[in-house]
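Read off the chains here:
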Amino acid sequence: MKPTKMRNNMIFRATFQTRSKQLGSTLSKDLRKKYGKRSVRAIEGDSVTILRGEFKGVEGKISKVSTQKSSVAIDGVKKEKTKGDKFDVYIHTSNLLVTSLSTDDKWRILKLEGKNPSKQPKVTPTKDTPTKEEPKETKVEEKTEKKEDEN
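Treat the numbers as computed from the prediction; the structure is a model and nothing was measured.

A. Focus on a nonpolar patch on the surface. A contiguous nonpolar surface patch, about 580 Å² in accessible area, is contributed by M1, M6, M10, I11 and F12. Relative to the helices and strands, M1 is located in the segment before α1 (3-11). Owing to a relative accessible area of 73%, M1 belongs among the exposed residues under this scheme.

B. Up close: the side chain of D88. Looking at where D88 falls in the secondary structure, it is placed in strand β6 (residues 86-92). Polar contacts involving the side chain of D88 include one to the side chain of K64, which spans 3.2 Å. A polar atom in the side chain of D88 sits 2.6 Å from the side chain of K78.

C. Structural context of the nonpolar core. Formed by 19 residues in total, the largest nonpolar core has its most connected members in I50, I74, V77, I91, L96, V98 and L101. Listed by contribution, the elements that provide at least two residues to this core are α3 (29-35), β3 (47-50), β5 (71-80), β6, β7 (96-100) and α4 (106-112). In terms of residue count, the dominant contributor to this core is β5 (three residues).

D. Spotlight on the pattern of salt bridges. On inspection of all chains with the given rule, the structure shows five salt bridges. Among the ionic pairs, E54 bridges to K79, the shortest N-O distance being 3.2 Å. Taken as a pair, E54 in the loop between β3 and β4 (59-66) and K79 in strand β5 lie far apart in primary sequence, 25 residues in all. In this structure K79 comes out as partly exposed when scored by relative accessible area, which is 34%. Linking E113 and K115 is a salt bridge whose minimum nitrogen-to-oxygen distance equals 3.6 Å. Where salt bridges share partners, they join K64, K78 and D88 into one cluster.

E. Up close: the pairing of β7. Two elements, strand β1 (residues 24-27) and β7, share two bridges in a ladder whose sense is parallel. Within the sheet, the bridge partner assigned to T26 lies in β7 and is L97. Two strands pair when backbone bridges link them, and β3 and β7 are joined in this way by four bridges, in the antiparallel orientation. Residue I50 lies in a different strand from β7, and its bridge partner there is L96.

Criteria and thresholds
Residues numbered from 1 in each chain as written. Predicted model: local features only at pLDDT ≥ 70, side-chain atom pairs only at ≥ 80, totals over all residues. Heavy atoms only, no water. Patch = residues over 30% accessible without salt bridge, like charges linked within 9 Å, V, L, I, M, F, W, Y side chains within 5 Å. Areas by Shrake-Rupley, 256 points an atom, 1.4 Å probe, with all protein chains shown as cover. Salt bridge = Lys/Arg side-chain N within 4 Å of Asp/Glu carboxyl O. Helix = DSSP H or I, 4+ residues; strand = E, 2+ residues; numbered from the N terminus. Buried < 20%, exposed > 50% of the residue type's maximum accessible area, 1.4 Å probe, protein only. Polar contact = N/O pair within 3.5 Å; in protein donor to acceptor, adjacent residues only side chain to side chain. Core = buried A, V, L, I, M, F, W, Y, C linked by side-chain atoms within 4.5 Å. Pairing = 2+ DSSP bridges.

Structure representation (C-alpha cells):
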C-alpha cells in the first residue's frame with residue numbers, strides 16, 4: 001500500500017477504535033510501578049501535567065476529550081481572544097503525563113491491574129427497599145384475609 005494511503009487511513013479515515021488508541025498518554029513513575037504499564041488512554045477526570053508547548057508545567061484535570069483532534073481540553077488552560085472571550089486550548093495527548101487516574105470506570109481499573117473484568121464476580125447493589133416479589137406476596141395475603149372476613 002502506498003504511504004499516502006496508509007497515512008490517510010491512520011489519520012483522516014481512522015475508525016473509532018484506532019482513534020481511541022491514539023489518545024494514549026504516559027503514566028507518571030508511581031503509577032507505572034503500581035500498574036506495570038507505561039501509558040493509558042486519557043479520559044475525562046484524569047489529572048495531568050503538560051510536558052511540552054506553551055503551557056508546559058501546568059497541572060489540571062481533563063474536561064473534554066476530542067477523538068477527532070486526538071487531543072484534550074484541560075481545566076485552567078484557556079486562551080483569550082482580542083475581544084476578551086476565553087476558549088479551551090486542545091493539547092495532544094502525547095504531550096501529557098497522567099498523574100492520577102479517574103476511578104469512576106471500574107472496568108478500566110481492572111484492566112490496568114491486569115485482571116479480566118468479564119470474569120470478576122458481579123456486585124449487586126444492596127437496597128433497603130423490598131424486592132418486587134415481596135409486595136406481590138403481601139397483596140395475595142391481604143386478599144385471602146378479606147375473603148375470610150366476609151365469610
